[in-house]
Number of protein chains: 2
Amino acid sequence: MKTYYCGLEVTLDVIGGKWKALVLYYLIKGPKRTSELKRLIPTITQKMLIQTLRELEMSGLILRKMYNQVPPKVEYSTTELGQSLESILEALCNWGGIYAESSFAQDEFEILHMD
Amino acid sequence: MKTYYCGLEVTLDVIGGKWKALVLYYLIKGPKRTSELKRLIPTITQKMLIQTLRELEMSGLILRKMYNQVPPKVEYSTTELGQSLESILEALCNWGGIYAESSFAQDEFEILHMD
DNA sequence: CGGTATCCAACACGATACTG
DNA sequence: CAGTATCGTGTTGGATACCG
């Protein structure tokens with residue numbers, strides 16, 4: 001049993017770290033294959049991607065569906081619990097855009113959109 | 001110049017990590033002295049608290065006001081930029097509470113409120 | 001009280017090679 | 001295509017002692 005003093009600590013435990021929020025953010029927009037996620041997040045390594053997916057799965061935020069075929073195909077999607085973070089992650093994403101354009105951070109941050 | 005592919009990456013750079021969101025969360029509720037923050041976040045070490053405060057200050061999210069008196073007194077408060085995260089951090093906190101009570105996590109997480 | 005300086009351990013993360 | 005295994009490193013974070 002883990003003990004926390006604030007709900008925020010729980011959230012950070014579940015989607016904190018370098019990659020979890022980002023991977024979940026893309027999966028919330030729709031189911032994706034492993035290679036699609038890798039393409040959307042070019043700077044993540046294969047190892048960290050798989051590891052992050054496993055942790056999100058363990059936490060009950062995403063589902064892994066495997067198709068028995070050659071070549072293999074795996075698709076990840078969100079659970080209801082994972083999807084419930086949609087508006088929050090969207091807000092965090094927007095805030096980052098605003099921050100990058102703020103007088104404080106401009107000329108320091110650059111965002112390349114690739115939708 | 002740092003390059004990102006999504007606003008969320010920027011946000012994680014600014015308030016990601018183990019403590020920044022938590023410290024900011026408490027400061028958003030009102031200005032606090034160093035010792036007050038230490039009391040609110042019992043598991044943080046002195047070193048990490050100071051380090052986190054410095055980083056938030058560098059990012060333009062909080063202000064540090066020092067009173068020249070003995071014993072010394074320092075008070076931290078949010079800037080407009082920092083305060084703009086209020087609703088988001090509140091939502092993240094609430095989500096943690098809901099997650100901890102979910103059928104998935106119950107008996108695993110415990111939250112002790114200390115307001 | 002608020003903060004700094006060391007030193008050290010843990011682990012998150014990355015690079016690479018390999019498998020079914 | 002999806003994933004595992006191994007190894008190495010660099011940051012993160014904690015313990016402790018000390019200072020104005």
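For clarity, every value in this text was computed on a predicted model and none was experimentally measured.

1. Here's the deal with the overall build of chain A
Phase 1 of the analysis: Along its length, chain A carries 6 helices and 5 strands.
Phase 2 of the analysis: Going from the N terminus to the C terminus, chain A shows its helices and strands as β-α-α-β-α-α-β-β-α-α-β.
Phase 3 of the analysis: Projected onto the principal axes, the alpha-carbon positions of chain A cover approximately 50 × 40 × 25 Å.
Phase 4 of the analysis: Split by element, the accessible area of chain A, about 6200 Å² in all, is 52% carbon and sulfur.
Phase 5 of the analysis: The averaged location of the 14 negative side-chain charges in chain A is 12 Å from the averaged location of its 13 positive side-chain charges.

2. Focus on empty space enclosed by the protein
Phase 1 of the analysis: Tallied over the full model, the rule gives 1 cavity of 30 Å³ or more.
Phase 2 of the analysis: Volume-wise, the largest cavity comes out at about 190 Å³.
Phase 3 of the analysis: Looking at the largest cavity, it is lined by 16 residues, and the ones nearest its centre are Leu12, Ile15 and Gly16 of chain A together with Leu12 and Ile15 of chain B.
Phase 4 of the analysis: Mapped by element, the contributors of at least two residues to the lining of the largest cavity are helix H1 (7–15) and helix H6 (86–101) of chain A together with helix H1 (7–15) of chain B.
Phase 5 of the analysis: Of the residues that constitute the lining of the largest cavity, the class distribution is 10 nonpolar, 6 polar and no charged.

3. Details of the packing of aromatic side chains
Phase 1 of the analysis: Per the stated rule, a full pass over the model turns up 8 aromatic pairs over all chains.
Phase 2 of the analysis: Here Tyr25 of chain A and Tyr26 of chain A contribute two aromatic rings whose centre-to-centre distance is 5.3 Å and whose plane-to-plane angle is 70 degrees, an arrangement assigned as edge-to-face. Tyr26 of chain A carries the same exposure label as Tyr25 of chain A, and that label is buried.
Phase 3 of the analysis: Summarising the aromatic geometry, the rings of Phe109 of chain A and Tyr4 of chain B are spaced 5.6 Å apart at their centres and angled 20 degrees between planes, so their arrangement reads as stacked.

4. Some words on H1 of chain B
All names here are of chain B.
Phase 1 of the analysis: The element H1 is largely enclosed, with a buried count of 7 among its 9 residues.
Phase 2 of the analysis: Along H1, the residues classified as buried are Gly7, Leu8, Glu9, Val10, Thr11, Val14 and Ile15.
Phase 3 of the analysis: One or two positions beyond H1, positive phi appears at Gly17, with a value near 95 degrees.

5. Re the environment of Leu40 of chain A
Phase 1 of the analysis: Counting through the fold element by element, Leu40 of chain A comes out in helix H3 (residues 34–40).
Phase 2 of the analysis: The sequence separation of Leu40 of chain A and Glu86 of chain A amounts to 46 residues, and the corresponding C-alpha distance is 18 Å.

6. Things to note about the UniProt feature "domain: HTH hxlR-type" (unreviewed entry) in chain A
Phase 1 of the analysis: The feature "domain: HTH hxlR-type" (unreviewed entry), as given by UniProt, occupies residues 6–104 of chain A in the numbering adopted here.
Phase 2 of the analysis: In residues 6–104 of chain A, the share of helix is 59% and the share of strand is 14%. The end C-alpha atoms are 30 Å apart.

7. Some words on the relation of the copies chain B and chain A
Phase 1 of the analysis: Superposing chain B onto chain A takes a rotation of 180 degrees plus a shift of 0.0 Å along the axis, which leaves an RMSD of 0.0 Å. Each copy turns onto its partner about a two-fold axis.
Phase 2 of the analysis: Interface residue correspondence from chain B to chain A reaches 98%, placing this contact among same-surface, isologous pairings.

How each quantity is defined
Residues numbered from 1 in each chain as written. Chains lettered and ligands numbered in written order. Predicted model: local features only at pLDDT ≥ 70, side-chain atom pairs only at ≥ 80, totals over all residues. Heavy atoms only, no water. Helix = DSSP H or I, 4+ residues; strand = E, 2+ residues; numbered from the N terminus. Areas by Shrake-Rupley, 256 points an atom, 1.4 Å probe, with all protein chains shown as cover. Lys, Arg positive; Asp, Glu negative; His and termini not counted. Charge placed at Lys NZ, Arg CZ, Asp CG, Glu CD. 1 Å grid on protein atoms, 1.4 Å probe; cavity = no way out; pocket = protein on both sides within 12 Å on 5 of 7 lines; lining within 4 Å. Points joined across faces, edges and corners; volume = space filled by probe spheres on them. Nonpolar A, V, L, I, M, F, W, Y, C, P; charged D, E, K, R; others polar. Phe/Tyr/Trp six-rings, centres within 6.5 Å; stacked < 30°, edge-to-face > 60°. Buried < 20%, exposed > 50% of the residue type's maximum accessible area, 1.4 Å probe, protein only. UniProt positions renumbered as here; feature names shortened; annotations may be inferred. Least-squares fit on C-alpha atoms with pLDDT ≥ 70 in both. Contact = heavy atoms within 4.5 Å.

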